[in-house]
Amino acid sequence: MTTAWSRRALLATGGGAALALGLPTAASASGPAALPASAASTTAADAADEFAALRAKWRDLYLGTGFSPTAEPFKSKLADLGTQASSFHSTMAPAHGSLWPDLVHLDPDPDTDTESFGFSANMNTSYNRLRTMAEAYSQPGTGLTGDTGLRDAVITGLDHLYADVFNESTARYGNWWNWQIGAPQALMDTCVLLYDALSDTQRANYCNAVDKFLPDSAVGSYTGTSTGANRVDLCRGMILRGIVGASTAKIALAVAALSPVFPYVTTGDGFYPDGSFVQHTSIPYIGGYGAVLNDGLGRLFALLRGSTWEITDPGSRQFLDTIDAAIAPFIYDGLMMDNVSGRGITRVGSSDHTRAHGVMASIVLLGMGAGPEENARWRAMVKGWLQRDHYAPALRAGSLSLVNTARLQALLDDSAVTASPEPSAHRVFYNMDRATHRRRGWGAGLSMASERIAHYEFGNGENKRGWHTGAGWLQWWGDGTGLDQYSDAYWPTVDPYRLPGTTVSRKKLADGEGGAWANPRPGTKWVGGTGDGEFGTSGQHLQGLASTMHARKSWFWLDDCVVCLGSGITSADGAGVETVVDNRFLGAGGTPRLLLDGRAQPVTQGWTTTRRTTWAHLDRHAGYVFPGGTELHALREERTGAWKDINDGGTGTAETRRYMTLWQDHGTDPADSSYAYIMLPGASSKRTAARAADTGWLRILANDAGRTGISVPSLGFTGINFWAAGTAGKVTASAPVCVQIHEKRDGTATISVSDPSRTVTGLTLTWRQHVKSVLSRAESVTGVRTGSAVTTVTFGDLSKSRGATHTVRVRVR
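The notes below deal with the structure included here.

What counts as what
- Residues numbered from 1 in each chain as written.
- Predicted model: local features only at pLDDT ≥ 70, side-chain atom pairs only at ≥ 80, totals over all residues.
- Heavy atoms only, no water.
- 1 Å grid on protein atoms, 1.4 Å probe; cavity = no way out; pocket = protein on both sides within 12 Å on 5 of 7 lines; lining within 4 Å.
- Points joined across faces, edges and corners; volume = space filled by probe spheres on them.
- Nonpolar A, V, L, I, M, F, W, Y, C, P; charged D, E, K, R; others polar.
- Helix = DSSP H or I, 4+ residues; strand = E, 2+ residues; numbered from the N terminus.
- Core = buried A, V, L, I, M, F, W, Y, C linked by side-chain atoms within 4.5 Å.
- Buried < 20%, exposed > 50% of the residue type's maximum accessible area, 1.4 Å probe, protein only.
- Contact = heavy atoms within 4.5 Å.
- Pairing = 2+ DSSP bridges.
- Polar contact = N/O pair within 3.5 Å; in protein donor to acceptor, adjacent residues only side chain to side chain.

### Quick look at empty space enclosed by the protein
Applying the stated criterion to the full structure yields 5 cavities of 30 Å³ or more. The computed volume of the largest cavity comes to approximately 150 Å³. Lining the largest cavity are 19 residues, and of these Asn339, Gly342, Arg434, Tyr456 and Thr469 lie nearest its centre. Among the residues forming the lining of the largest cavity, the class breakdown is 8 nonpolar, 8 polar and 3 charged.

### Here's the deal with unusual backbone geometry
The step from Glu72 to Pro73 runs through a cis peptide bond, and the omega angle for that step is 5 degrees. Residue placement: Pro73 occurs in the loop between helix H3 (44–63) and helix H4 (74–91). Phi at His280 is positive, roughly 60 degrees, even though this residue is not glycine. Mapped onto the secondary structure, His280 falls in the loop between strand S2 (277–279) and strand S3 (283–284).

### So, the nonpolar core
Residues Phe166 and Leu408 are the most contacted members of the largest nonpolar core, which totals 138 residues. The leading source of residues in this core is helix H7 (residues 176–193), at 10 residues. Those residues in contact with Leu408, other than ones at most four positions away along the chain, are His357, Met360, Ala361, Val364, Val382, Leu386, Ala394, Leu395 and Leu400.

### Quick notes on the pairing of strand S18 (residues 608–618)
As paired strands, strand S16 (residues 594–596) and S18 are joined by 3 bridges and run antiparallel to one another. Its bridge partner being in S18, Leu596 is matched across the sheet by Ala616. Sheet analysis places S18 next to strand S19 (residues 622–641), joined by 10 bridges and oriented antiparallel. Its bridge partner being in S19, Ala616 is matched across the sheet by Tyr624. Adjacent in sequence and paired antiparallel, S18 and S19 are bridged by 3 residues, among which Arg620 carries a positive phi angle near 65 degrees.

### Section: the sheet that holds S2
Strand order in this open sheet of 3 strands is S1-S2-S3, and the pairing throughout is antiparallel. Each edge of the sheet is formed by a strand with only one pairing partner; in this case those strands are strand S1 (270–271) and S3.

### Some words on the pairing of strand S24 (residues 717–722)
In terms of burial, S24 is a largely internal element, 6 of the 6 residues being buried. When strand S23 (residues 707–712) meets S24, the two strands line up antiparallel, connected through 6 bridges. When the bridges of S24 are listed, Ser711 appears paired with Thr718. Remark: 4 residues form the turn of the hairpin made by S23 and S24, two consecutive strands paired antiparallel; Gly716 in that turn has positive phi of roughly 65 degrees. With 5 bridges connecting them, S24 and strand S27 (residues 738–743) associate as antiparallel partners. When the bridges of S27 are listed, Gly719 appears paired with Gln740.

### Structural notes on the side chain of Thr791
Along the chain, the position of Thr791 falls in strand S32 (residues 791–795). Judged by relative accessible area, Thr791 falls into the buried class, the value being 1%. A polar contact is formed between the side chain of Thr791 and the backbone oxygen of Gln769, at a distance of 2.8 Å. For Thr791, the residues in contact, after removing those within four places along its chain, are Leu765, Thr766, Trp767, Gln769, His770, Val771, Val784, Arg785 and Thr786.

This is the structure we're talking about:
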């Protein structure tokens, strides 16, 4: 990965590239750019010209350029846009309390309850429909291009909403977002598109309305709803209001208000140095708000470059680092992992694939303002995602805006760009309790919860049954297969008590358990992991949501598998507790063969069994090995549900999908139960059977309430989660830490240590291994003592490192 400093040096020597997106050049990096001498004599005509130029630039950014309206996929997209706009036009019926009969915005009892949320959303949707109509009027090839009747209908609608609901005299009700972000953005976008057709009075009215609901005070302090992606959205609305209303003060205020977004944070919302992105205080959100922030900043950089208000904050350079550090690790073969998408995973019409499409287009846009090496790397990366997504290709899925379609189509057609493959890497995001693991042929993502990160996000009636998505939920995809695994009606049909990898109490939970926006968090601290970039070790002290259930879960991430161990599983809920080995989505009619110890099982729906098993294999999915054998439960079933079951805004249409579930039952109110299994994504039945037969491949060093550890001698791997001070195998730790040792064939070894609980103020680590020399060590290491048979490493205060990895590299032979 290119470091922040190497990239900054590159930008400093290539100011033209920085200017491409309005990023600061070397000359302006030390602070705000000084106005040129001629600025003092800028005439009103010059200012008007600059506002006109910005309006023209925003039109291009919004509508897109460089595409043929008669070529596919643009021809069809433009025709669909025209059809949609025509439908909106024909059904628009201005009346007191609504602009469309199906979108009543008049709230008979205005407040901030769920009912009022619906009315404010209808107001926002009305503005969105008008924007769609304005776009159809402005774009070529829609069948409505330049249609004055459509244009006049949009203006009629704008005037009606202004008079009826969105004006200086109205009191806000329902959801704040609709009033401060949604409606102002749609209104100002429409004003830019139809600027010349609006009167001075109309533009003034609309700007005054925006000022009422999006006042300067909305960006006065970096707190509450004015942080992270929300802050970028607020600033976008304010900048466009300044452009439409010719207010230099509004634009300058909004540009200055972006500055708190750029620096890394150590608490609360924003990007963290480890690549984590958090919104709503405790929700990992790279796939939702992070994507919005990424897209919003990319467009604002492009809009303001070369203008009086060019974004010159030095921190804006740091933002580019987030592409590699925070966003790319969560995109796999063209999909965005659900475990960083909050409540958005339950929205009908969207999926992990559609959420990635816009992000990919944003990366291409941002690359235009990065250094040439970064731009080339990002374009190759995005092209690889585009080419490998055979399930929902971005350019055929229909989810992309026309402008983003044009941007990605141009990249796909660029023969000078060679697509890059998925990398092999392990990443730990210790500030949001997530980990990703990629190997040749498969990728995975882990989702945990702690006193810092919520079990799940529930709000606006969305994600009502996401209770256990932080209970060690393990997503994974194979190379070229399974890209629909969490996409095709997965969320309304999957058993929410049996998400893959989780350990859960079967205690019944209410929809939205924990409360809306309550961010229900467990009281546990020891959650996190470590790794050397190739292999990884993760651990979670799990406390169930609204449950007495506790467990200590561990994952060891290797070259062709994940070794999964659990211990200390205890509960007093009066309900059963299960560990879900896997729960594979089989689509609407899938019947892959399941082998248990080499014997094929029935493919009839509703089939179930419980038997002592040492290995299992599901065709075209994975192999599973159970060291020493386990009492395995298996179920092949069809499940039916509707999006409305999990999201108030969803459809009521019944969806039926098939699943194959494998789990271990710990019984009702277990005391100190455990489990152990090896998951081999994409493995053949032959390879799975061979791994099961090789009983010396894996050594379980410990698996109890004090320590969980393994060694794999053939890989030179040792991973241990010390829940408390103790010894496992050749390693002794004086405090509760996560330890990984990776001995390599070149005679070196990497010792990786982290403090997931953030409580360790000093550590002595002993490894019963001869070390010849120390090659490098972290600053936190206060001493290394080597001997003929024992090596001791002492660390200082690890608690302030927030769970980061501390590395020592040594030569062992």
